[in-house]
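# Survey of secondary and tertiary structure
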Amino acid sequence: MNRIDEKFSALRGQGEKALIPFVTAGDPDLDTTFEVLRVLERSGADLIELGVPFSDPMADGPTIQRASERALQKGTSLPRILRMVREFRRHSEIPLILFGYYNPFFRYGLSHFTKEATEAGIDGILCVDLPPEESGELKAWTDARGLDIIFLLAPTSDVGRIRLVARQGRGFVYYVSVTGVTGARNRFEDRLHTQVARVRRYTSLPVGVGFGISTPGQAAWIASFADAAVVGSALIEVMERASNKREKVSRAGQFVARLKRAMNRVGKKAIGSRH
Amino acid sequence: MKNSKHLFSLRRAPDKQGHFGIYGGRYVSETLMPALIELEKAYGEVRRDPSFRREFRHYLHEYAGRETPLYLAERLTQRLGGARIYLKREDLCHTGAHKINNTLGQALLARRMGKRRIIAETGAGQHGVATATVAARFGLVCEIFMGKEDVERQALNVFRMKLLGAKVRVVESGSQTLKDAMNEALRDWVTYVRTTYYLIGSVAGPHPYPMMVRDFQSVIGREARRQLLAREGRLPDYLVACVGGGSNSMGLFYPFLKDKGVKMVGVEAAGLGLRSGRHAASILGGKVGVLHGSKSYLLQDRLGQIRHTHSIAAGLDYPGVGPELSYLRDRGRVRFVSATDREAADALQMLAEVEGIIPALESAHAVAAVVRLAPRLRRNQAIVVNLSGRGDKDMSTVGEYLGVKL
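Residues numbered from 1 in each chain as written. Chains lettered and ligands numbered in written order. Predicted model: local features only at pLDDT ≥ 70, side-chain atom pairs only at ≥ 80, totals over all residues. Heavy atoms only, no water.

Below, the discussion takes up the overall build of chain A. Along its length, chain A carries 12 helices and 9 strands. Here chain A has a C-alpha radius of gyration of 17 Å; the compact-globule value for 275 residues is 19 Å, and the two agree. For chain A, the spread of C-alpha atoms along the principal axes amounts to about 45 × 40 × 35 Å. Across chain A, the fraction of contacts at a sequence separation of at least 24, relative to all contacts at a separation of at least 6, is 74%. Element-wise, carbon and sulfur atoms account for 48% of the exposed surface of chain A, whose accessible area totals about 10,200 Å². Counting 40 positive and 31 negative side-chain charges, chain A places the averaged centre of each group 5 Å from the other. (Helix = DSSP H or I, 4+ residues; strand = E, 2+ residues; numbered from the N terminus. Rg over C-alpha atoms; globule rule 2.2 N^0.38 Å. Contact = heavy atoms within 4.5 Å. Areas by Shrake-Rupley, 256 points an atom, 1.4 Å probe, with all protein chains shown as cover. Lys, Arg positive; Asp, Glu negative; His and termini not counted. Charge placed at Lys NZ, Arg CZ, Asp CG, Glu CD.)

Spelled out as structure tokens, the structure:
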């Protein structure tokens, strides 16, 4: 059992749902990201998605585009991110997922990349532009290294594709809440909970929901029917509004604590209603 | 190129998942996968449907003005003193470039699929104009994504698109050119995928686009082949075409792939020179990577971040290239050379002066390669060069380059 599986199973035992904050590594610099990771964990994050910045983030809305640009301007690169993770891992056992686009991983060399990621203490890899059909090469390496390869499902995915991801995916299934790019939203599809229920019929993996979740109320609602809520752009915007690095770190912590409290209020109620 | 079996195998690519050897494929977010599978299925059906083919042929003939002439450029041939040079006059197509071949095909397909809204990316604006044109013709809602830098250098085409009823969405992210326009179009598509048809203008992007755009553009090569056979009773010795994403080159090359004696040359944009780092020559200067849905040669740094590109020709100013061209290069079927901004501008002037034809700056790259190639060949040899577009849109760029105020 790896850290991701252990975490979900522990949460299930406690009747809690997972809060997964997303931050872009190196925004505004890797030292700050290191401090942000620590404060996220202290404030109630259960897993963390660490975004690897890419020059052409096609699946992202303006907020994560800006974060990626800031990170790249600071010279953030995959080797430097892994160095920071290695340091962070000395202090923490929280599951860490690298979230990015395929090309930087591919250029690094998949064998080399998966080896270094494992050694640094990464637990899972999620490539937003790598559907199961193209993932054979990466999956061979993640399987060999004991890393989880995590796939996305979307409102457009049919049963055939849900089955495909159920077969190929590890760790958890990342359900994209809306058709669109990442970024805060006011409205979700009303049928989101039935869509998540449909995914559950085909997989025993935990199902996390992401894209657009920005308030404690929304996170709590997601927690009432999914196993995890991913919050990215909203967290980045909270940090953007802070004027200095110390404030970025403390505000990130406060925001995540609020999200987690709201999720725990419903999470505990919803336990037992899953099956 | 030893045996013909090898050559026939080239024409069978891509495989079912859209792979040309190691290239191509579908590297997109999950949300788009069902749409691509639906598109692949719909295209597979119309491809074999005689009524669709009739309809497509009809519009190519009656609306786009095909077939285009294969014109023997006698004075250019004399000037260069070598092989006979034939120009495939795609610049005479409606809207002024080969792009209309593909937009007609895809608009007919979109209509059959019941999609009412069309989006497209554009660099030079030729594909944007060709898309806005067919959208107007078939009564479809149309939005064109265009980088801010391109909007500025291609003001004429921006105005044309607006006249045609399209909305032009100015893209201010990244390098503000074609690749960023494509990022933004993909973001729009992933949001409105259920109602929107994404009309990609090059042999790039995820499967089935590289195959489908190639097929729609293959009319160029089929005509050229038939025309030269009728005229000279033989096939050309060389085909020459500029390569940005690669749609005009694949359209010319594809019908000749199995013809052993026909050599093919793709001309990439060397910008300020391949060594300057300011160019757009993906195959000559790039490494294999993944961008915009497919694996291909890509201009990128050591860490896999996409590099900014430069070319005087907006339509070539793109860090990637169609996956099939990467495949044909590795298989040794297409040879790649490059032409600089300066060589392209010189070639444009030469063709204007000796033939009375002003090519697009993109096509001028192909002409520049012919200027170097033709004198080295014998007089009984023949070159077909794809004159993919006309130069009207480039007059302010060329004027500025030559230091002339318009």
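Let us keep going from here.
This next bit is on the overall build of chain B. A count of helices and strands for chain B gives 17 helices and 14 strands. For 406 residues, the compact-globule estimate of 2.2 N^0.38 gives 22 Å, and the C-alpha radius of gyration of chain B, at 19 Å, lies within 12% of that figure. Dimensions of chain B, computed from C-alpha atoms along their principal axes, come out at roughly 55 × 55 × 45 Å. Buried residues in chain B amount to 67% of all 406 residues. Positive and negative charge centroids in chain B, built from 61 and 40 side chains respectively, lie 6 Å apart. (Buried < 20%, exposed > 50% of the residue type's maximum accessible area, 1.4 Å probe, protein only.)

A separate point is the sheet that holds strand 10 (residues 263-271) of chain B. All names here are of chain B. Spatial strand order, 3-4-14-9-10-13: 6 strands in an open sheet with mixed pairing. With partners counted over all chains shown, the strands left at the sheet margins are strand 3 (70-72) and strand 13 (334-340), one partner each. Here the strands of the sheet are splayed against their neighbours by 25° on average, with no regard to which way each runs. With 5 bridges joining them, strand 9 (residues 238-242) and strand 10 adopt parallel strand pairing. Looking across to strand 10, one finds that V240 is bridged to V265. Its contacts with the sheet put helix 11 (residues 219-232) on strand 3, strand 4 (84-89) and strand 14 (382-387), and the angle it makes with strand 4 is roughly 140°. Helix 15 (residues 341-355) contacts strand 3, strand 4, strand 10, strand 13 and strand 14 of the sheet and is inclined by roughly 90° relative to strand 13. (Pairing = 2+ DSSP bridges. Axes fitted to C-alpha atoms, helices over the stretch in contact; angles between N-to-C directions.)

Here we take up the interface of chain A and chain B. Counting residues at the interface gives 37 residues for chain A and 37 residues for chain B. For the pair chain A and chain B, the two sides together bury roughly 2,900 Å², of which 52% comes from carbon and sulfur. Contact with chain B buries surface across chain A, with M58, R107 and E134 of chain A losing the most and accounting together for 22% of the total. Across the chain A-chain B interface, the total number found is 2 salt bridges. One salt bridge connects D56 of chain A with K179 of chain B, and the closest N-O pair in it is separated by 2.8 Å. In this structure, the connection of chain A to chain B is made through 20 residue pairs in polar contact (both at pLDDT 80 or more). (Buried area = accessible area lost by both parts, 1.4 Å probe. Salt bridge = Lys/Arg side-chain N within 4 Å of Asp/Glu carboxyl O. Polar contact = N/O pair within 3.5 Å; in protein donor to acceptor, adjacent residues only side chain to side chain.)

A few words now on the packing of helix 3 (residues 62-73) of chain A against helix 11 (residues 233-240) of chain A. How two helices pack is summed up by the angle between their axes together with the distance between the axes. Residues and elements named next belong to chain A. Between helix 3 and helix 11, the shortest axis-to-axis distance is 9 Å and the interhelical angle comes to 60°. By the angle between their axes, helix 3 is oblique relative to helix 11. For the element pair helix 3 and helix 11, the recorded crossing hand is left-handed. The residues of helix 11 that touch helix 3, namely those facing T63, I64, R66, A67 and R70, are S233, I236, E237 and E240. (Parallel < 35°, antiparallel > 145°, perpendicular 65-115°, else oblique. Left-handed = near helix turned anticlockwise from the far one by under 90°.)

Membership of the largest hydrophobic core comes to 197 residues, with the highest contact counts inside it found for L98 and Y174 of chain A together with Y197 of chain B. Excluding its chain neighbours within four sequence positions, the residues that come into contact with L98 of chain A are L50, V52, L78, I81, L82, F105, F113, I122, G124, I125 and L126 of chain A. Ranked by size, the runner-up nonpolar core spans 39 residues in total, among them A344, V367, A368 and L387 of chain B. (Core = buried A, V, L, I, M, F, W, Y, C linked by side-chain atoms within 4.5 Å.)

With that settled, the discussion passes to the environment of L7 of chain B. Tracing the backbone shows L7 of chain B in helix 1 (residues 4-12). Along the backbone, L7 of chain B and R54 of chain B are 47 residues apart, and their C-alpha atoms lie at a distance of 29 Å.

Next up on the list: helix 2 (residues 30-42) of chain A. With 13 residues, helix 2 of chain A extends 19 Å between its outermost C-alpha atoms, agreeing within 8% with the 18 Å of an ideal straight helix rising 1.5 Å per residue. N-capping of helix 2 of chain A is provided by D29 of chain A, with a side-chain oxygen placed 3.2 Å from the backbone N of D31 of chain A. (Expected span 1.5 Å × (residues − 1).)

Each regular strand carries side chains that alternate between the two faces of the sheet. Residues and elements named next belong to chain B. Burial within strand 10 is extensive, with 8 of its 9 residues counted as buried. Regarding topology, helix 12 (residues 247-253) serves as the crossover connection from strand 9 to the parallel strand 10, and that connection is right-handed. Where strand 10 and strand 13 come together, 7 bridges link them in parallel fashion. Looking across to strand 13, one finds that G266 is bridged to F336. (Right-handed = clockwise from strand over helix to strand, strands pointing away.)

Attention now moves to the environment of Q195 of chain A. All names here are of chain A. Relative to the elements of secondary structure, Q195 occurs in helix 9 (residues 192-200). A relative accessible area of 6% means that Q195 is categorised as buried. Counting along the chain gives 73 residues from Q195 to I122, while the straight-line C-alpha distance between them is 30 Å. Filtering out sequence-adjacent residues up to four positions away, Q195 remains in contact with P155, Y175 and E189.

For the rest of this paragraph, the subject is the pattern of salt bridges. A side chain of one charge can pair with a side chain of the opposite charge if their charged atoms are brought near each other. Residues and elements named next belong to chain A. Overall, the coordinates contain 50 salt bridges over all chains when judged by the stated rule. Measuring nitrogen to oxygen at the nearest pair gives 2.8 Å for the salt bridge that ties R66 to E240. With R66 in helix 3 and E240 in helix 11, this pair connects stretches of sequence that are 174 residues apart. Given a relative accessible area of 26%, E240 falls into the partly exposed group. Among the ionic pairs, K115 bridges to E119, the shortest N-O distance being 3.4 Å. You can see K115 and its partner E119 sitting in helix 6 (residues 110-120), 4 residues apart, about one turn around the helix. According to the relative accessible area criterion, K115 is partly exposed, its value standing at 41%. When salt bridges with common partners are traced through the structure, they connect R3, R89, E93 and D123 into a single cluster.

A few words now on the environment of A226 of chain A. All names here are of chain A. With respect to the helices and strands, A226 occurs in the loop between helix 10 (216-223) and strand 9 (228-231). A relative accessible area of 0% places A226 in the buried class. The spacing of A226 and G253 is 27 residues in sequence and 23 Å in space, taken between C-alpha atoms. Residues in contact with A226, not counting those within four places in the same chain, are K17, V196, R200, V207 and V209.

This next bit is on the side chain of S388 of chain B. Residues and elements named next belong to chain B. Among the structural elements, S388 can be located in the loop between strand 14 and helix 17 (395-401). The exposure class of S388 is buried, given its relative accessible area of 5%. Setting aside anything within four residues of it in sequence, one finds S388 in contact with E90, D91, G96, A97, H98, C242, N248 and S363.

This part covers the packing of aromatic side chains. All told, the structure shown has 20 aromatic pairs over all chains when counted by the stated rule. Seen from their ring centres, F105 of chain A and F113 of chain A are 4.4 Å apart, and the 10° between their planes marks the pair as stacked. Given a relative accessible area of 0%, F105 of chain A falls into the buried group. Ring geometry for W189 of chain B against Y209 of chain B: centres 6.4 Å apart, planes inclined by 75°, an arrangement best described as edge-to-face. Residue W189 of chain B is located in helix 9 (residues 178-191), and its partner Y209 of chain B is located in helix 10 (residues 209-217); the two are separated by 20 residues in the primary sequence. The exposure class of W189 of chain B is buried, given its relative accessible area of 4%. Judged by relative accessible area, which is 0%, Y209 of chain B ranks as buried. Chaining the aromatic ring pairs together yields one cluster made of F22, F99, Y174 and F211 of chain A. Positioned above the aromatic ring of Y254 of chain B, the side-chain terminus of R214 of chain B is 3.9 Å from the ring centre. (Phe/Tyr/Trp six-rings, centres within 6.5 Å; stacked < 30°, edge-to-face > 60°. Lys NZ or Arg CZ within 6 Å of the ring centre and 35° of its normal.)

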